[in-house]
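The lines below spell out each chain.
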Amino acid sequence: MKFQWLCLLLGFSLPAFAAEYYIRVPFKNYEDIKRLVDQGFDVGGINLQKKRVTLVVKEEDLPKTRGMKILEKRAIGRPDSQYKKPVDVEKMLFDTETAFPHLAKVESIGKTGEGRDIWAIHLTSYFFVSEKPKLSVLFDAMHHAREVMTPEVALDIVDYLTKNYGADPKVTKWMNQYDIWVVPMLNPDGNNKVWNSSSMWRKNNRGGYGVDPNRNYTYEWNSCNGSSGSQSSETYRGPSAGSEPESQALMNLATRIKPMFNISYHSYSEIVIYPYGCSPKHIPAPDQAIYEGVGKELAAKLVRDSGSGSYDPGTAYELLYDVDGGSIDWMYASEKVMSFVIEMNGDAEGFQPSYAAWRDKTVQRQRLGWQYILDRMEGPGIKPQ
Ligand SMILES: [Zn+2]
């Protein structure tokens, strides 16, 4: 509000944001969700308990929803300005490095199409001499630009581990024994667009139309209709496998650090997703039991926004729809990383919940998930390649 008044006083206008709506429709089964995806709708997320899907629909596309059973239609506003912008993430990471030089090092893992650095922070006790080589773990957030809660959780990991080192025995042990890597904002170009012209922007900004970085990974790229070849689609897979700087940056980092686990934070739907994304493929035995077992335990740690019940685990096609070229499939297939997507938050407030009402609650609840993963580092796990 203050910013808007300032703009009026200074006589310059706010950027024009196109009108968009959350439209909730019921679903009975996964064919219903698949049909919506095939019709080209932007499926924002689902509510498995209430059996409803939320679509993100632009004003000009409203006629496409005619004849559908609409449970609710809500205009989408601007994101809460307290969420982090690319400059805020950068500042917080460098402030952490300055405050804790013995625990944190910031590194650029790539440059975006618009020339922004993709920042990673490497957390470990640099003075602690371990008898064994340190195992690695990788947390990433914001493949999708509009999912503004996800960097908050990633930055909370950074904050929690640095500030509690030496005081909390568990944190001290994790930081002494592991190399903990956090990439809090993989897609800063897309996020910049969220703040400047399009609250619901999801992709990066290649050519102004954008590529979905999470359909661009090289493993089984464009293999099962789990992405789109159309530049205007929200799931446009890009011109070729691994064409995007964001997916390249994460693949290069994972290949270098060989993490035991990876969590990729997305929002929303209150689910935990493990590979594979293409129906009906599963992780092969003997890895499947361990991998899906961890996924189920991870999901059980995560409390829903309602305060009762926990997240649902499964593959993308069991819970949502087919996904090809996604990060977690590549992580396992190429590097034998146990990799999970956590779709945080419920559907009540969509992608951009009120910061004051939801930020602290969400990061606190997500701590049980990433701390479970750190506790689980000793195994049993999957043998790295
Ligand atoms: Zn996402």
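Before reading further, recall that the structure is shown in the block above.
Keep in mind that what you see is a predicted model, and the values were worked out from it rather than measured. (Residues numbered from 1 in each chain as written. Predicted model: local features only at pLDDT ≥ 70, side-chain atom pairs only at ≥ 80, totals over all residues. Heavy atoms only, no water.)

Asks: Go over the pattern of salt bridges, please, and point to the residues and values.
Replies: Oppositely charged side chains can form a pair if their charged atoms are brought close together. Evaluation of the coordinates by the stated rule reveals 25 salt bridges. Across the pair Asp 347 and Arg 52 runs a salt bridge, and its minimum N-O distance is 2.7 Å. Linking Asp 347 in the loop between β12 (338–344) and α11 (355–375) with Arg 52 in strand β3 (residues 52–58), this pair joins segments that are 295 residues apart in sequence. In terms of burial, Asp 347 and Arg 52 fall into one category: buried. (Salt bridge = Lys/Arg side-chain N within 4 Å of Asp/Glu carboxyl O. Helix = DSSP H or I, 4+ residues; strand = E, 2+ residues; numbered from the N terminus. Buried < 20%, exposed > 50% of the residue type's maximum accessible area, 1.4 Å probe, protein only.)

Asks: Tell me about unusual backbone geometry, and name the residues and values.
Replies: In this model, Ser 267 is joined to Tyr 268 through a cis peptide bond whose omega is -5°. Within the secondary structure layout, Tyr 268 lies in the loop between β9 (259–267) and β10 (271–273). Of note, the amide linkage connecting Gly 379 to Pro 380 takes the cis form, showing an omega dihedral of 0°. Looking at the secondary structure, you find Pro 380 in the segment after α11. One non-glycine residue, Asn 222, lies in the positive phi region at around 55°.

Asks: So what's going on with the pairing of strand β8 (residues 178–183)? Which residues, and what values?
Replies: In terms of burial, β8 is largely enclosed, as six of its six residues are buried. Residue alternation in β8 divides its side chains into two sets, Tyr 178, Ile 180 and Val 182 and Asp 179, Trp 181 and Val 183, and both sets are buried. With three bridges connecting them, strand β6 (residues 117–123) and β8 associate as antiparallel partners. Its bridge partner being in β8, Leu 123 is matched across the sheet by Ile 180. Two strands pair when backbone bridges link them, and strand β7 (residues 135–141) and β8 are joined in this way by six bridges, in the parallel orientation. Its bridge partner being in β8, Leu 135 is matched across the sheet by Tyr 178. (Pairing = 2+ DSSP bridges.)

Asks: An account of the packing of helix α8 (residues 287–301) against α11 is requested, with residue identities and associated values reported.
Replies: When two helices pack together, you describe them by how their axes are tilted relative to each other and by the distance separating the axes. Following both chains from N to C, one finds α8 and α11 inclined at 145°, their axes separated by 8 Å at the closest point. Pair α8 / α11 crosses with right-handed handedness. Residue-level contacts link Val 294, Glu 297, Leu 298 and Lys 301 of α8 to Leu 368, Gly 369, Tyr 372 and Ile 373 of α11. Of the residues that constitute the contact of α8 with α11, the class distribution is five nonpolar, one polar and two charged. (Axes fitted to C-alpha atoms, helices over the stretch in contact; angles between N-to-C directions. Left-handed = near helix turned anticlockwise from the far one by under 90°. Contact = heavy atoms within 4.5 Å. Nonpolar A, V, L, I, M, F, W, Y, C, P; charged D, E, K, R; others polar.)

Asks: So, the coordination of the zinc ion: which residues are in play, and what are the values?
Replies: Note on the zinc ion: its protein donors are His 144 (ND1), Glu 147 (OE), Glu 147 (OE) and His 266 (ND1). The metal-donor distances range over 2.0 to 2.5 Å. One chain supplies every donor for the zinc ion, spaced along it as H-x2-E-x118-H. (Donors = N, O, S within 2.8 Å, 3.2 Å for Na, K, Ca; no water.)

The values are spatial; any link to function lies outside them.
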